[in-house]
Amino acid sequence: MEKNFALLRADRIEKILENLSQLTFEVTDACNLCCKYCGYGEYYDGYDKREDKLLSMEQAVAILEYMAEKWSSKYSSSHRKKTYISFYGGEPLMNMKLIKEIVTWISDKNISHCHFVFTMTTNAILLDKHINFLTEHDVKILVSLDGDILDVLYSIKKLGIENISILMYVKSDFNKELFDKVQNFLQSEEINHEYEFWVTDEKEFDEIETKTQDITPELVNIKPVFDGSNYAFFENNIYIDESDIQNIEVTKKNIFAHQALNTNDFGKLTITADGKVYANPHFPALGTVDDDIRLLVHKEMIAGTSWRRIRDIQPCCDCVYQWLCPSPSDYETVIGKPNLCHVMP
Ligand code: SF4
Ligand code: SF4
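Since the model is a prediction, treat every value here as computed from it, not as a measurement.

## What about the overall build of the protein?
Within the protein, the secondary structure is distributed over 13 helices and ten strands. Its C-alpha radius of gyration of 21 Å places the protein within 12% of the 20 Å reference for a compact globule of 345 residues. Over its C-alpha atoms, taken along the principal directions, the protein stretches across nearly 60 × 50 × 40 Å. For the protein, contacts bridging at least 24 residues in sequence account for 74% of all contacts bridging at least 6.

## Regarding the confidence of the model for the protein
For the protein, the average pLDDT comes to 89, and 93% of its residues sit at 70 or higher. Per-element averaging of pLDDT across the protein places helix H1 (residues 2-7) at the bottom with 48 and strand S10 (residues 287-288) at the top with 98. Note that pLDDT drops below 50 for residues 1-5; the model gives that stretch five contacts with residues more than four away or on any other chain.

## Re the sheet that holds strand S7 (residues 220-224)
Read from one edge to the other, the open sheet built from ten strands follows the order S7-S6-S5-S4-S3-S2-S1-S8-S9-S10, with strand pairing classed as mixed. Only two strands of the sheet have a single partner each, and these edge strands are S7 and S10. The sheet contact formed by strand S1 (residues 22-26) and strand S2 (residues 82-88) spans five bridges and is parallel. Along S2, the bridge assignment pairs Gln22 with Tyr84.

## A closer look at the nonpolar core
Ranked by size, the top nonpolar core spans 58 residues in total, and within it Ile99 and Ile102 carry the most contacts. For this core, the leading source of residues is helix H4 (residues 96-108), giving six residues. Residues contacting Ile99, with those up to four places away along its chain left out, are Val27, Phe87, Pro92 and Met120.

## Regarding the packing of helix H6 (residues 149-158) against helix H7 (residues 176-188)
Interhelical geometry of H6 versus H7 gives an angle of 15 degrees and a closest axis separation of 10 Å. Classed by the angle they form, the pair H6 and H7 counts as roughly parallel. Classified by chirality, the crossing of H7 by H6 is left-handed. Within the contact between the two elements, H6 uses Ile149, Leu150 and Leu153 and H7 uses Leu178, Lys181, Val182 and Phe185.

## Observations concerning the domain arrangement of the protein
Taken domain by domain, the protein holds domain 1 (2-237 + 259-310) and domain 2 (238-258 + 311-345). Summarising the inter-unit geometry, the C-alpha centres of domain 1 and domain 2 are found 25 Å apart. With 14 residues of domain 1 at the interface, the matching set in domain 2 holds 18 residues. Of all the secondary structure elements, the ones that give two or more residues to the side of domain 1 that touches domain 2 are helix H9 (231-237) and helix H11 (252-260). For the side of domain 1 that touches domain 2, the class distribution of residues is six nonpolar, six polar and two charged.

## Concerning the site of ligand 1
Taken together, ten residues form the shell around ligand 1, and within it Cys31, Leu33, Cys35, Cys38 and Asn123 come nearest. Across the shell around ligand 1, the residue classes tally to six nonpolar, three polar and one charged.

## Considering the packing of helix H2 (residues 10-18) against helix H12 (residues 293-303)
For any two helices packed against each other, the geometry comes down to the angle between their axes and how far apart the axes lie. Running from N to C, H2 and H12 cross one another at 100 degrees; their axes reach a closest spacing of 10 Å. Accordingly, the angle class assigned to the pair H2 and H12 is roughly perpendicular. From H2, Ala10, Ile13, Glu14, Ile16 and Leu17 reach across to H12, where they touch Ile293, Arg294, Val297 and His298. Here the residues of the contact of H2 with H12 are counted per class, giving six nonpolar, one polar and two charged.

## Let's talk about the environment of Val139
Relative to the elements of secondary structure, Val139 occurs in the loop between helix H5 (127-136) and strand S4 (140-144). Taking the C-alpha atoms as reference points, Val139 and Ile271, 132 residues apart in sequence, are found 19 Å from one another. Residues in contact with Val139, not counting those within four places in the same chain, are Val103, Phe118, Thr119, Met120 and Leu134.

## What about the pairing of strand S3 (residues 115-122)?
As defined by bridge partners, S2 adjoins S3 across six bridges and the pair is classed as parallel. Among the inter-strand pairings, Lys82 is bridged to a residue of S3, identified as His115. Sheet topology note: the S3/S4 ladder contains four bridges and is parallel. Within the sheet, the bridge partner assigned to Thr119 lies in S4 and is Lys140. Crossover connection from S3 via H5 to parallel S4: handedness right-handed.

Criteria and cut-off values
- Residues numbered from 1 in each chain as written.
- Chains lettered and ligands numbered in written order.
- Predicted model: local features only at pLDDT ≥ 70, side-chain atom pairs only at ≥ 80, totals over all residues.
- Helix = DSSP H or I, 4+ residues; strand = E, 2+ residues; numbered from the N terminus.
- Rg over C-alpha atoms; globule rule 2.2 N^0.38 Å.
- Contact = placed C-beta atoms within 7 Å.
- pLDDT = per-residue confidence, 0-100.
- Pairing = 2+ DSSP bridges.
- Core = buried A, V, L, I, M, F, W, Y, C linked by C-beta atoms within 7 Å.
- Buried ≥ 20, exposed ≤ 12 C-beta atoms within 10 Å, placed from the backbone.
- Axes fitted to C-alpha atoms, helices over the stretch in contact; angles between N-to-C directions.
- Parallel < 35°, antiparallel > 145°, perpendicular 65-115°, else oblique.
- Left-handed = near helix turned anticlockwise from the far one by under 90°.
- Domains from an automatic or database assignment.
- Nonpolar A, V, L, I, M, F, W, Y, C, P; charged D, E, K, R; others polar.
- Near = placed C-beta within 6 Å.
- Right-handed = clockwise from strand over helix to strand, strands pointing away.

Next up, the structure:
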């Protein structure tokens, strides 16, 4: 390890940490639902066994204590961009105690030049119980259009909550009647919201275009989802071609960045409920919260598979667009292909 430190100076590692852009906490792997297509369910593999674990404040602080010092550094440029603190699960509201502790701990540190944005992905079942704290601390809520969501929204409104901000995931097989009711409610109550529609094929894409004609386009985001078999949909709609590449804004900064770093993953760390630390949860853990975070980041920078995942393998390494193309994304990882383009086979 000492030898490797000679390759990447310790002050460089600290600089990276000063500018960490996202820290995600899986506060629990427990959930109060059992969705058929859950990413941790029977249809998927490659994740650690779910054991109803709860991350503790002690484990979170093991990382936060050091990060607070780095974010407070005069060399931190975090004031120029947002620093995301995200919570997910399982169902994160099943460990609301920890979410409260982390949000309060960070707020109390008064790291004035950092602009923290708190986000939480939830199934909303327990949302009305905790909404006061979440809105008081500007936690952005990412919720799926499912089940009792309308009742949850009614009960939140009854509590007189005003400044709630919602990003609503809408799965491809969504219930149109429920969607219309939710949309009317969000609009009439002037609740700050956006939608993210998940699509797996052209038919769903066309349906969503029709169903969302009355929604302000700025509120509509479309997310293609790989379901393990829809290769053709990705080939026809997601793969880039030469005209897409020629429309990419060419800047020296981007070209240099693409040669050294994965611009999707760099600067993001995830801590899971069992205390493991990941640069990207699709790849092996770097270590645990008990390790020195500088050594974990050093490990990722020297030998990691995420932050430095660049287009340096075939066919990209033989392609004229090697450093113009965006860094490899999770789509490439999940689909198992180094390039999602029509330029090289
Ligand atoms: S709410 Fe989310 S974590 Fe829970 S079972 Fe459903 S998809 Fe999985
Ligand atoms: S082969 Fe790789 S570098 Fe070339 S266009 Fe395709 S994705 Fe981009």
